[in-house]
Every structure is written in C-alpha cells, then in structure tokens.
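What follows is each chain in one-letter form.
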Amino acid sequence: MFFCKKKDNRAIAFVDYEYWYVSIKNRFSTKPDIKEWCASIRENYQMEGILFFANFLQGGLPEEISRIREVSCDIIETQCGNNSHFMKDMSDVVILDFLYRWAAKKKSPPTFILFTGDGHFQPAVRYLTQDLGKRVEVYGVQATMSRALREAATESFEIPQMDEKLTECFRYIVADFDRIAMNHNNPFATYQSLVTRVSNSQGVPKERVELALNEMMNRGWLTRKKYRVAYNKPMLNVIMPEWDELIDAGLHKPE
C-alpha cells in the first residue's frame, strides 16, 4: 500500500512592526490592520509563530502592544537595554538573529514570511531560498518596498492590496454619502465621524475604512474642504464627494 506524503504547510512570520507602523501612518494616515493580516496568513498556513519586532518604547508604539497581543504573544523589544540614541539598524540585527536561529532548527518550517520593506534583508532572503530551499513571502507597505528584496523573495505582496474587501469599503463610504445627500444638498462628513459610522454600520474594522477613505481621497473621488455649517458656526474640516469622479469610477449611479 502506498501512502501520499502530507504537504508540510508550516510557516513562521517575522514582522518589522516599526517599519509597518511608520510607513502606513505616513502614506495612508492609519494604523496597521493587524487582525486582518494575521487572519489571512493563518488561513493559508499552519503558523508556528508570528513574531513582532520594534522599539516599543518610542513614538506611538507603546499603545500598539495591546493590539498586537490580541493576535500574538511573541512581541520582541529591540532596544536591548541601549539607553543612548536608538538606531533602526538594531531592529534589523535582532530580526536577523531570530530568523537565522529559526532557519537552523532541525525541523524548521518550509515557509518563512517576512514583513519589511528594507533591502538589508535581501541576503538573508536569498540564503533562505537558494541555500535552504525555503519558500519566502515578503510583505511591505505599498510603494515602500525595496525592489531587490521583492526580486529575492519567492513571492511579494503590498499592503494595502486593492482587493474585494477594499472595493467593498469604497461602496460603503459612497452609500453613506448617498444617505446624507437625501437630506442635504451639499453632503459632507468629518473624517472620524465617517470612519466610525461606516465601521459600526457595516461591521468592518476602522483600519480598513481608513485605508479605503484615504485611497479615495488620493484618487480624487473625495475631497477635503473647509465648510461652515451656519453663519455663526466655526469652519469645519470636512470630506465631500466628487460625484462626477465617483460616477466615472463606477461607484455612483445618479437617480
């Protein structure tokens, strides 16, 4: 009797969270959608661990620890007792140390997942793929990934991906403006009120709504403007729809 060898679907992930947090904040004015990303890789692989690395003592990163703990207990502080000026390179050194230790294990997983855009990781990725025969997937924030790193990997992905879930969010946002337009000739909304309303009414993460909203503004479908609600009221920073652009994008059908 012949038995088919079961496919080894194990994987380990290394996340340069400082890179992810800063890059997506600078480009899309939002926070990483940690739950969505972790769920997606767990759907594809039997994860042996998802390790998050950063100097969690600086900037807004201390507040991120509780969010990360919802998906992983593997949180690695990379400051390493260095009380002098922190260097980003130290995070790279710590990540590489963990990566090589996992690669050296007798039964290390066949797939390594790396979330970073840093080209310094290219030699390590080539070592994993060429010398050890590993499958390496690299994730990075849109327009911030090193080309050499992408080429060295087995496969690379950019965040956010223009997938069905993001397109679905576009439609939720337009539907909200359609609702407002029923009672207002010039529909508008503040950023936070729109994000909160769409997230609560549609049951989607706020981070995803923020990504969709910022992408729509980048594409010119929505516009930030100053608007006075009444004569004796102060000016507000609001978002307004550009109906013609939304029609051209296939996101709005005038009645």
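As shown above, the structure is provided for reference.
About the cut-offs
Residues numbered from 1 in each chain as written. Predicted model: local features only at pLDDT ≥ 70, side-chain atom pairs only at ≥ 80, totals over all residues. Heavy atoms only, no water. Helix = DSSP H or I, 4+ residues; strand = E, 2+ residues; numbered from the N terminus. Buried < 20%, exposed > 50% of the residue type's maximum accessible area, 1.4 Å probe, protein only. Patch = residues over 30% accessible without salt bridge, like charges linked within 9 Å, V, L, I, M, F, W, Y side chains within 5 Å. Areas by Shrake-Rupley, 256 points an atom, 1.4 Å probe, with all protein chains shown as cover. Salt bridge = Lys/Arg side-chain N within 4 Å of Asp/Glu carboxyl O. Axes fitted to C-alpha atoms, helices over the stretch in contact; angles between N-to-C directions. Parallel < 35°, antiparallel > 145°, perpendicular 65-115°, else oblique. Left-handed = near helix turned anticlockwise from the far one by under 90°. Contact = heavy atoms within 4.5 Å. Nonpolar A, V, L, I, M, F, W, Y, C, P; charged D, E, K, R; others polar. Phe/Tyr/Trp six-rings, centres within 6.5 Å; stacked < 30°, edge-to-face > 60°.

Draft legend 1. Representation of the environment of Ala39. One can find Ala39 in helix α2 (residues 34-44). When its relative accessible area of 42% is taken as the criterion, Ala39 is described as partly exposed. Distance in space between the C-alpha atoms of Ala39 and Val71 is 8.7 Å, their sequence separation being 32 residues.

Draft legend 2. Spotlight on a nonpolar patch on the surface. A contiguous nonpolar patch, built from Tyr100, Tyr127 and Leu132 and spanning about 250 Å² of accessible area, is present on the exposed surface. Mapped onto the elements, Tyr100 comes out in helix α4 (residues 88-103). Looking at Tyr100, the relative accessible area reads 37%, which means it is partly exposed.

Draft legend 3. The arrangement of the packing of helix α8 (residues 191-202) against helix α9 (residues 206-218) in detail. Running from amino to carboxyl end, α8 crosses α9 at an angle of 130°, the nearest separation of the two axes being 9 Å. Overall, the two elements α8 and α9 adopt an arrangement that is oblique. In this structure, α8 crosses over α9, and the sense of that crossing is right-handed. Counting all contacts with α8, which are made through Tyr191, Leu194, Val195, Thr196, Val198 and Ser199, the residues of α9 involved are Lys206, Val209, Glu210, Leu213, Asn214 and Met217. Of the residues that constitute the contact of α8 with α9, the class distribution is 7 nonpolar, 3 polar and 2 charged.

Draft legend 4. Seen up close, the packing of aromatic side chains. Under the counting rule described, the total for this entry stands at 16 aromatic pairs. Taken together, a centroid distance of 5.6 Å and an interplanar angle of 70° make the contact between Trp20 and Trp37 edge-to-face. Residue Trp20 is located in helix α1 (residues 17-28), and its partner Trp37 is located in helix α2; the two are separated by 17 residues in the primary sequence. Assessed through its relative accessible area of 4%, Trp37 is described here as buried. Taking 5.2 Å as the distance between ring centres and 75° as the angle between the ring planes, the aromatic pair formed by Phe53 and Phe98 counts as edge-to-face.

In short, shape yes, function no, at least from these values alone.
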